Amino acid sequence: MKILENKVVLITGTAGGLGRVAALTFAREGAKVVGSDINVEANNETVELVRSAGGEMTGIAPIDLTDHEQARKLVEEAALAYGGLDVVYNNAAIQKFGPMPDFSIEDWRRTIAGELDIPFFVSKYAWPHLVKRGGGVILNVASISGMIAGDIPPMVGHAAAKGGVIAMTRQLALEGARHGIRAVAISPGPFLTPASDRDLGDNQEARDAVTKKTLLKRFGQPEELVELAVFLASERAAYITGVNYAVDGGATAW
């Protein structure tokens, strides 16, 4: 039996990168996936990929999750799609990078909204549905930048927001335990995604500096993160809550 058979999973940010791989992987394990993004065309492509692979997925787009009313609408539509919610995978994020003191107030606020508000809004509105279900799982994608400082790229806003995600996850775990809700954070290190390719461009020196901090001297592949997420969402991880897992090729080990 597949480990997520008939579980209803809401995944945010499924138009590409880690979110697209998550949709494919969760569906492979039997989940009924509801995926959302602000990018309609790319999100529809993910839906078709999942269905072509034999999985079940409903797409909801465009959704701007920095708007709490749109986040509420997404959760309500997701719960209606398959009759409830079992897992929330908070993957979507928007961030800006830059050093102090040149990091603008606008970029700061955009990053906090895009990386901290989004998982809070989605979790807030999903909470009653998980309680009604008798429990569930909230998985928050954080970052090792919430655990250690990073030089390339400069990331004061990103570090603050993702540190907040890790702390919020602990609190959700505490408040959720009485309702059967588990909350776990996953903190990626450097991964190869369309976003990382965009940010690093053809700057090989920057790419080398990033991977040099890892013990494995390479970027991670999306599947290497998402397989952990699938396990954490399953009953096999029933005793795991309130913790943060670094998936970083050893970058936080030294």
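Structure shown above.
Note that the coordinates shown come from a computational prediction; the quantities given were computed from them, not determined experimentally.

(A) Up close: the overall build of the protein. Each helix and strand in the protein was counted, giving eight helices and seven strands. Relative to the compact-globule value of 18 Å for 254 residues, the protein shows a C-alpha radius of gyration of 17 Å, a close match. Along the three orthogonal principal directions, the C-alpha set of the protein runs to about 50 × 40 × 35 Å. Here the protein holds 254 residues, and 50% of them are scored as buried. Pairs at least 24 apart in sequence give 73% of the contacts found in the protein among residues at least 6 apart. Here the protein has roughly 11,800 Å² of accessible surface; of this, 55% comes from carbon and sulfur atoms.

(B) Representation of the packing of aromatic side chains within the structure. Per the counting criterion, the structure on display carries two aromatic pairs. The lysine or arginine in question, lysine 124, covers the ring of tyrosine 125, its NZ or CZ lying 5.8 Å from the ring centre.

(C) Summary view of helix H8 (residues 222-233). Between its terminal C-alpha atoms H8 stretches 17 Å, which fits the 16 Å expected from 12 residues at 1.5 Å a residue. Turning to H8, its buried residues number three or more, namely Pro222, Leu225, Val226, Ala229, Val230, Leu232 and Ala233. Taken end-on, H8 shows its buried residues confined to a sector of 165 degrees, consistent with a single buried face.

(D) Summary view of the environment of proline 119. Along the chain, proline 119 falls in helix H4 (residues 105-133). With 23 residues separating them along the chain, proline 119 and alanine 142 place their C-alpha atoms 9.8 Å apart. The contact partners of proline 119, leaving out residues within four places of it in the chain, are Asn90, Asn140, Val165 and Met168.

(E) Inspection of helix H5 (residues 156-176) at higher detail. Between the first and last C-alpha of H5 there are 30 Å, a value that for 21 residues agrees with the 30 Å anticipated at 1.5 Å per step. Taken as a whole, H5 has its buried residues at Gly157, His158, Ala161, Lys162, Val165, Ile166, Met168, Thr169, Leu172, Ala173 and Gly176. Buried residues along H5 cover an arc of 165 degrees about the axis, so they all sit on one side. For H5, the elements touching its buried residues are H4, strand S5 (136-141), strand S6 (181-188) and strand S7 (244-247).

Thresholds applied
Residues numbered from 1 in each chain as written. Predicted model: local features only at pLDDT ≥ 70, side-chain atom pairs only at ≥ 80, totals over all residues. Heavy atoms only, no water. Helix = DSSP H or I, 4+ residues; strand = E, 2+ residues; numbered from the N terminus. Rg over C-alpha atoms; globule rule 2.2 N^0.38 Å. Buried < 20%, exposed > 50% of the residue type's maximum accessible area, 1.4 Å probe, protein only. Contact = heavy atoms within 4.5 Å. Areas by Shrake-Rupley, 256 points an atom, 1.4 Å probe, with all protein chains shown as cover. Phe/Tyr/Trp six-rings, centres within 6.5 Å; stacked < 30°, edge-to-face > 60°. Lys NZ or Arg CZ within 6 Å of the ring centre and 35° of its normal. Expected span 1.5 Å × (residues − 1). Arc of directions from axis to C-beta.

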